[in-house]
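Fold and geometry: a report
Here is how the chains run, residue by residue.
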Amino acid sequence: MPEIRVTPLGAGQDVGRSCILVSIAGKNVMLDCGMHMGFNDDRRFPDFSYITRSGRLTDFLDCVIISHFHLDHCGALPYFSEMVGYDGPIYMTHPTQAICPILLEDYRKIAVDKKGEANFFTSQMIKDCMKKVVAVHLHQTVQVDDELEIKAYYAGHVLGAAMFQIKVGSESVVYTGDYNMTPDRHLGAAWIDRCRPNLLITESTYATTIRDSKRCRERDFLKKVHEAVERGGKVLIPVFALGRAQELCILLETFWERMNLKAPIYFSTGLTEKANHYYKLFITWTNQKIRKTFVQRNMFEFKHIKAFDRAFADNPGPMVVFATPGMLHAGQSLQIFRKWAGNEKNMGTVGHKILSGQRKLEMEGRQVLEVKMQVEYMSFSAHADAKGIMQLVGQVEPEGVLLVHGEAKKMEFLKQKIEQELRVSCYMPANGETVTLPTSPSIPVGISLGLLKREMAQGLLPDAKKPRLLHGTLIMKDSNFRLVSSEQALKELGLAEHQLRFTCRVHLHDPRKEQETALRVYSHLKRWAPRSFWLGLGRSGARGGSHCASRQRPQGPLRAAPSRWVRDCGVHPHPGCCPLRGPRHQGAAGVLDLPG
Amino acid sequence: MESAEDWLVESLRLYQDFHAFDLSGATRVLEWIGDKGVFVAGYESLKKNEILHLILPLRLSVKENQGLCPERDFKVCHGGFSDASVFELKHVPDTRLLVTTGLPGSYLHVWQVAEDSDVIQAVSTIAVPDKEGGFWPRVAIFSSMAPGVLHGVRLRSLKVVDLESQKTTYTSGVSDSEELSSLQVLAADTFAFCCSSGRLGLVDIRQKWAPSETISPGAGAAGGRWCAEVGGWGPGPSIASLGSNGQLCLLDPRDLSHPVSSVQCSVSAPSPDPELLRVTWAPGLDNCLAISGFDGTVQVYDATSWDGVGSQVEPLFTHRGHIFLEDNQTDTAPLVTTHTWHPHKPRTLLSAASDASLHVWDWVDLRTAH
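Residues numbered from 1 in each chain as written. Chains lettered and ligands numbered in written order. Predicted model: local features only at pLDDT ≥ 70, side-chain atom pairs only at ≥ 80, totals over all residues. Heavy atoms only, no water.

Under the annotation held in an unreviewed UniProt entry, chain B carries the name WD repeat-containing protein 73 and is attributed to Enhydra lutris kenyoni.

So the rule is basically this: UniProt positions are given in the numbering used here, feature names are shortened, and annotations may be inferred rather than shown by experiment.
An unreviewed UniProt entry lists chain A under the name Integrator complex subunit 11, from Enhydra lutris kenyoni. Word for word, the UniProt comment on chain A under Cofactor (unreviewed entry) is "Zn(2+)". Per its UniProt entry, chain A bears the Sequence similarities (unreviewed entry) comment "Belongs to the metallo-beta-lactamase superfamily. RNA-metabolizing metallo-beta-lactamase-like family. INTS11 subfamily."

Structure (structure tokens):
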């Protein structure tokens, strides 16, 4: 049965953990393997029991594809491959392969060392998991096996993020992962060709939002930083993702230059080295602007931005510092935070507890830190909103769209919009629910030259809008399909040709005179089958009974008996036989026998 | 774009807060529902239009700890499709019903915002008596136990129709063919009308037609097309009337025959599309008005010391965001199609333009800023 089946894994309707199972033409692919950051127990992992029911994961799954390094897309990968057990290939882009293990290790450290969690994957598991990774380039067709192939497309969003096309024969599915349709300062916009897959799978988390422009977010950031610095305060910016920090640096540098500001901006060196390294490696993944600045000068040698030294934190006066890690749980950013938190002139863009509004924090050694500094939480992550999703669907032209991570009731309008505006079916499965799409695969058939020549000799050019009926014999051998003329088929098979003759009575109801009716039928048939058709003329005595007319050229005008009815005998008597065809009887043939 | 960057830097000083959005289709409608939701609707004539119920970004709704809220996006809470273009949309208070009007002007459409899903469904239509090609009826809602829809293209076709029974409960009963440009319900039994000529009137529906009104042919007598809004709390003039030639008149409802003052706004007149003219009173600021419909700007004026006739006035603030942040995809400059004040944030406005942009901005009063 040609069909595509999609099942988003995981329990409940909640967002935060991407893991989708796709079954296409008998191949099984897992898309992403994310962790839910909100849970501290097994609920953070997708529900793999759905697949393990079918046996060993390695046997069942043909491959796993990871779209980008965010933990809600790859966080459960080591658990899945090393603790549940999977030894097959894991595909991802090169930047993802480089950055994933760092984030996984980071998260593992916090979970196990800081929070003391048990039953978590180990550092060795992360390493073993990454050994199963096969890195891919953009637009490179990768053969997973004889039939299954995948191809990565640029998704924007974060460094190394990709959308994937999964193809088996003529059936294909495109998975978007996270993407954005508007370019930002360091990444371009997602791009994919008009590949017309059977299905496009995309997240619907942001499908019902209308996003505030990038410029306004940046404006807000500049305003807050500027105000703090004007007050003489210090600004701490803990950063998560490498690319985003770079972007904010460019922004501040431009602003400082224009406003002629003197307050120093620092960048923690750890981050500098790492970022430098990855940008050098993956320069083709960034957009034009970054490439230009990188080529002109080493990225972090800005005029106004210098490397940070921990001693600077004690300097008086205003300053801005970018530091890691993002959540302030350790390292430089935490140190700086402790120094500056008590002063309300200071400001920081911050991590968990502070984000939930806590103003008193317990530090190591039972120290309590009272947070007087102003806190601003800003989000710069680039996701496609309703408009972006419509744009992408319009670009790709799929037959159907499948949205994951949304509540069907809350997205009825979006479903209607997609179905009406883009004329595609829209599916919204809940987690654990399977959507089955029937597909009509196109089977390629080779046509013999002789047969083609014969058809062409009829004089009519092929026209995609006017399909013509072609007669031939389909020979299926192994997985090879050939269409040859009947004569050739008989020859190849060593069979003799037999001719079958029969007649069938067709009665015509017509109020006109016989002569006139006969003439009309005659001219109609002549038009339909110019080369070979035949009309038999014979008396029909009683009703019923069929006689086949012989292969004859028309003898002249016919005579028809009064009050006849047309009957479609539905028999295809003879290859090479000319069909009588009307809109209702496609391919059915009858022979007109007009009794005189 | 260089000037966009310049403007953005300037905006740090001019705005406390600023958000810019791109709708899928331009809107002429910004109708509040509560203080957290707003309706927008498309006005295309050749394709289906969307009616959307948008929830304000969380950051703009929270009263405290605004800094800890990163949510800057609008959420589409409900949506529906309209074949007709929507020029006006009114929410029926205390219900989940909406009434829309636009071209073609032969019907008003009544919609229901679903409770258990995100769909806005069409429920019924109200026939409009005065069917004229190219004209569309203005609408206002009498909210009460049995809500009524006030509508009309001209003074003679003004009527109130009970929403549920569709029975007519009031007609103007006059033969005056003056064209209406706006209708506004003021109280349980009174409404204000403004004709495109500038003629204004206040009507009590309990009585036979006898409005207190301006002397014809209108406050301006300078021609052009007019619109008006009754608002302004506190003593002094509470009716503002705006003409397509840039003239702004303030009137006292107790004496409509003598305008309190009449000024010339600093706009490039005449307006390219006078149907888009809009004047609104600020709900949270004394004597402040906003106007739009002349170009891609929204201007805020302080009418406190206005008097006399004909003086040129300067705006307190001009919002130029729609011009500077335009995507450069069209050759024509964007035109602001509508604007509205936030119900309780005193200096926050929402404005929409013909390029489908939607801005939410909180301007700084430079007179009081340090």
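Let's pick the thread back up.
Looking at the overall build of chain B
Note the following rule: Put simply, DSSP H or I for four residues or longer makes a helix, DSSP E for two residues or longer makes a strand, and each gets a number counted from the N terminus. Based on C-alpha atoms, the radius of gyration is set beside the globule rule, defined as 2.2 Å times the residue count to the power 0.38. Note on exposure labels: buried denotes an accessible area under 20% of the residue type's maximum, exposed denotes more than 50%, and partly exposed covers the range between, all computed with a 1.4 Å probe on protein chains only. In this description, contact between two residues means that some pair of their heavy atoms is separated by no more than 4.5 Å. Reported accessibility uses the Shrake-Rupley method at a 1.4 Å probe radius. Residues are deemed covered only where the shown protein chains occlude them. Neither His nor the chain termini are counted; the positive set is Lys and Arg, and the negative set is Asp and Glu. A single reference atom marks each charge: NZ on Lys, CZ on Arg, CG on Asp, CD on Glu.
Of regular secondary structure, chain B possesses three helices and 29 strands. Whereas a compact globule of 370 residues would reach a radius of gyration of roughly 21 Å, chain B reaches 20 Å, a difference of no more than 12%. Every one of the 370 residues in chain B was classed for burial, and the buried ones make up 58%. Sequence separation of at least 24 residues holds for 49% of the intrachain contacts in chain B that already meet a minimum separation of 6. Carbon and sulfur atoms form 51% of the exposed surface of chain B, whose accessible area is close to 15200 Å². The averaged location of the 45 negative side-chain charges in chain B is 5 Å from the averaged location of its 27 positive side-chain charges.

Here we look at the pairing of strand E24 (residues 298-302) of chain B
All names here are of chain B. The criterion, for reference: If DSSP finds at least two bridges between two strands, the strands pair.
Counting buried positions over the five residues of E24 gives five, a clear majority of the element. Where E24 and strand E26 (residues 317-319) come together, three bridges link them in antiparallel fashion. Note that in E26 the partner of Gln299 across the bridge is Thr318.

With respect to unusual backbone geometry
Outside of glycine, negative phi angles account for most residues, and trans bonds account for most peptide bonds. A cis amide bond links Leu103(B) with the next residue in sequence, Pro104(B), at an omega value of -5°. Mapped onto the fold, Pro104(B) is located in the loop between strand E7 (97-101) and strand E8 (107-113). Positioned with a positive phi, Ala25(A) is a non-glycine residue whose angle comes to about 50°. Looking at the secondary structure, you find Ala25(A) in the loop between strand E2 (20-24) and strand E3 (27-31). For Ala25(A), a relative accessible area of 40% gives the class partly exposed.

A look at the sheet that holds strand E26 (residues 480-484) of chain A
All names here are of chain A. Rules: For every element, the axis is a line fit to its C-alpha atoms; helices are fit only across the contacting stretch, and the angle between N-to-C directions ranges from 0 to 180 degrees.
Taken together, three strands build an open sheet; the order of strands is E24-E26-E25 and the sheet is mixed. Each having just a single partner strand, strand E24 (446-447) and strand E25 (473-477) make up the two edges of the open sheet. Here E24 runs beside E26; their pairing, made up of two bridges, is parallel. Bridge assignment links Gly446 to a residue of E26, and that residue is Arg482. Each of E25 and E26 touches helix H16 (residues 486-493); the most contacted strand, E26, lies at about 120° to it.

Let's talk about a nonpolar patch on the surface
Threshold: Residues enter patches when their relative accessible area tops 30% and they take part in no salt bridge; the joining distance is 9 Å for like charges and 5 Å for the nonpolar side chains Val, Leu, Ile, Met, Phe, Trp and Tyr. Salt bridges are defined by distance alone: a side-chain nitrogen of Lys or Arg within 4 Å of a carboxyl oxygen of Asp or Glu.
A contiguous nonpolar surface patch, about 560 Å² in accessible area, is contributed by Ile447(A), Leu449(A), Leu452(A), Met456(A), Leu461(A) and Leu470(A). The element that contributes the greatest number of residues to the nonpolar patch is helix H15 (residues 449-457) of chain A, accounting for three residues.

Some words on the confidence of the model for chain A
All names here are of chain A. Rule in force here: Per-residue confidence from the predictor is reported as pLDDT, which spans 0 to 100.
Here chain A averages 77 in pLDDT, and 76% of its residues register 70 or above. Averaged over each element, pLDDT in chain A is lowest for helix H10 (residues 288-296) (55) and highest for strand E4 (residues 63-65) (97). In this model, residues 531-596 is a region of pLDDT below 50 whose contacts with residues beyond four sequence positions or in other chains number 146 contacts.

Some points on the side chain of His226(A)
Here His226(A) lies in helix H7 (residues 214-230). Those residues within four positions of His226(A) in sequence are excluded, and the remaining contacts are Phe255(A), Met259(A) and Leu261(A).

Quick notes on the sheet that holds strand E20 (residues 247-251) of chain B
Residues and elements named next belong to chain B. On the basis of which strands lie adjacent, the open sheet formed by five strands has the order E18-E19-E20-E21-E25 and mixed pairing. Single-partner strands in this sheet number two, and they are strand E18 (226-230) and strand E25 (308-313). This sheet shows a mean twist of 20° between the axes of neighbouring strands, independent of strand direction. As paired elements, E18 and strand E19 (residues 239-243) share five bridges and run antiparallel to each other. Within the sheet, the bridge partner assigned to Cys227 lies in E19 and is Leu242.

Comments concerning the packing of aromatic side chains
Selection rule: When the centres of two rings from Phe, Tyr and Trp lie within 6.5 Å, Trp using its six-membered ring, the rings pair. Their planes under 30 degrees apart give stacked, over 60 give edge-to-face, and anything left gives tilted.
Inspection of every chain in the model, using the stated rule, returns 24 aromatic pairs over all chains. Taking 4.8 Å as the distance between ring centres and 45° as the angle between the ring planes, the aromatic pair formed by Phe48(A) and Phe80(A) counts as tilted. You can see Phe48(A) sitting in the loop between E3 and helix H1 (49-52) and its partner Phe80(A) sitting in helix H4 (residues 77-85), a full 32 residues away along the chain. Of the two residues examined, Phe48(A) and Phe80(A), each falls in the buried class. Taken together through their ring pairs, the aromatic side chains of Trp7(B), Tyr15(B), Phe18(B), Phe317(B), Phe324(B), Trp361(B) and Trp363(B) make up a single cluster.

Regarding the interface of chain B and chain A
Put simply, the test is: Accessible surface is computed with a 1.4 Å probe, and the buried area is the amount of it that two parts give up when combined, taken over both parts together.
If you look at the interface, chain B gives 40 residues, while chain A gives 37 residues. Summed over both sides, the interface between chain B and chain A buries roughly 3400 Å², with carbon and sulfur atoms accounting for 53% of that surface. Contact with chain A buries surface across chain B, with Leu12(B), Leu68(B) and Phe81(B) losing the most and accounting together for 19% of the total. In this assembly, chain B and chain A are joined by seven salt bridges. For Asp220(A), the salt bridge goes to Arg72(B), with nearest N and O atoms at 2.9 Å.

Details of helix H14 (residues 412-422) of chain A
Formally: Of all possible arcs, the one meant is that of the directions from the helix axis to the C-beta atoms.
Buried within H14(A) we find Phe413(A), Leu414(A), Lys417(A) and Ile418(A). Along the axis of H14(A), the buried residues cluster in a sector spanning 135°; they form a single face. On the buried face of H14(A), the contacting elements are helix H13 (386-396), strand E21 (400-404) and strand E22 (425-427) of chain A together with strand E4 (49-55) and strand E5 (74-82) of chain B.

Re helix H17 (residues 514-528) of chain A
Residue and element names in this part refer to chain A. As a reminder, the rule being used: What a helix should span is 1.5 Å times the count of its residues minus one.
Taking 1.5 Å per residue, 15 residues should reach 21 Å; H17 reaches 21 Å between its end C-alpha atoms and fits that length. Within the sequence span of H17, burial applies to Thr517, Ala518, Val521, Tyr522 and Leu525. The buried residues of H17 occupy an angular sector of 135° when the element is viewed end-on, so they sit on one face.

A closer look at the environment of Pro46(A)
With respect to the helices, strands and loops of the structure, Pro46(A) is situated in the loop between E3 and H1. With 100 residues separating them along the chain, Pro46(A) and Asp146(A) place their C-alpha atoms 29 Å apart.

Focus on the packing of H13(A) against H14(A)
All names here are of chain A. Condition: By definition, any crossing whose near helix is turned counterclockwise from its far helix by less than a right angle is left-handed, and any crossing with a clockwise turn is right-handed. Any residue outside Ala, Val, Leu, Ile, Met, Phe, Trp, Tyr, Cys, Pro, Asp, Glu, Lys and Arg is labelled polar, Gly included; the first ten of those are nonpolar and the last four are charged.
The geometry of H13 relative to H14 is characterised by a closest axis approach of 11 Å and an angle of 35° between their N-to-C directions. The hand of the H13/H14 crossing is right-handed. Contacts between H13 and H14 pair Met390, Val393 and Gly394 from the former with Lys417, Ile418, Glu421 and Leu422 from the latter. Among the residues making up the contact of H13 with H14, the classes are represented as four nonpolar, one polar and two charged.

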